[in-house]
Amino acid sequence: MNQSLLNSLTEAERLLVAETERDALKQLDEDDLLDLHQRVRRARTKYVKNYRRGAAAAVAEVGGRGLSYARNQRDRDKAELFESVLATVSREVAAAARRAAQELRAERIEAGRAAKPVLSTAKRPAAKPPAPATSPPPRATKTTGGLKKDASTRALGSRRQAKRDSR
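Residues numbered from 1 in each chain as written. Predicted model: local features only at pLDDT ≥ 70, side-chain atom pairs only at ≥ 80, totals over all residues. Heavy atoms only, no water.

Caption draft 1: Spatial organisation of the pattern of salt bridges. Counted by the stated rule, this structure contains six salt bridges. Lys-78 is the salt-bridge partner of Glu-13, the closest N and O atoms lying 3.2 Å from each other. Here Glu-13, found in helix α2 (residues 11-18), pairs with Lys-78, found in helix α6 (residues 73-115); they are 65 residues apart in sequence, far enough to count as distant. Exposure remark for Lys-78: the relative accessible area of 1% places this residue in the buried category. Among the salt bridges present, the one from Arg-44 reaches Glu-83, with a minimum N-O distance of 2.9 Å. A residue pair is termed long-range when its members are at least 10 positions apart, and Arg-44 in helix α4 (residues 30-62) and Glu-83 in helix α6 qualify at 39 residues. Relative accessible area serves as the criterion here: at 37%, Glu-83 is assigned to the partly exposed category. One connected set of salt bridges, linked through shared partners, spans Glu-19, Asp-35 and Arg-39. (Salt bridge = Lys/Arg side-chain N within 4 Å of Asp/Glu carboxyl O. Helix = DSSP H or I, 4+ residues; strand = E, 2+ residues; numbered from the N terminus. Buried < 20%, exposed > 50% of the residue type's maximum accessible area, 1.4 Å probe, protein only.)

As structure tokens, then:
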């Protein structure tokens, strides 16, 4: 991070950035990480909004977007800083969520194993032989009740189409 940019941050912003360092993030649980994520996202949104508004106002003053680019450097840099910090916190939130999901899954599997009675090998009933392989059932055909009636309906459709084609 640029030292001049860090020096331009307010005390609250400096503390917020310090909370996102690797050692500090490792000590936080998932709920604390989500709270930090929300605070960093608010700071990022604030500076993105300030940058956009300033840039839009400067375009009218200087006469073009290219000329107004350099005028709003501080807000743009702060928005970029908080964007990178937000990405770091987001990765940590994702990792914490994965860990929590794995722990929950392990607990549920363990609870399922504890609830299921385990039969000893001597008391197990004999395994059923596998069912013989059968062919799939025949596909249903769409009929209205009679083969002659179906053929008549198809022929009627063919006659209609031939009549249209001859026009």
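There is more to say after this.
Caption draft 2: Expanded view of the packing of α4 against α6. The geometry of α4 relative to α6 is characterised by a closest axis approach of 8 Å and an angle of 160 degrees between their N-to-C directions. The angle between the axes of α4 and α6 places the two elements in the roughly antiparallel class. Of the two possible hands of crossing, α4 and α6 adopt the one that is left-handed. In terms of residue class, the contact of α4 with α6 is built from 17 nonpolar, three polar and eight charged. (Axes fitted to C-alpha atoms, helices over the stretch in contact; angles between N-to-C directions. Parallel < 35°, antiparallel > 145°, perpendicular 65-115°, else oblique. Left-handed = near helix turned anticlockwise from the far one by under 90°. Nonpolar A, V, L, I, M, F, W, Y, C, P; charged D, E, K, R; others polar.)

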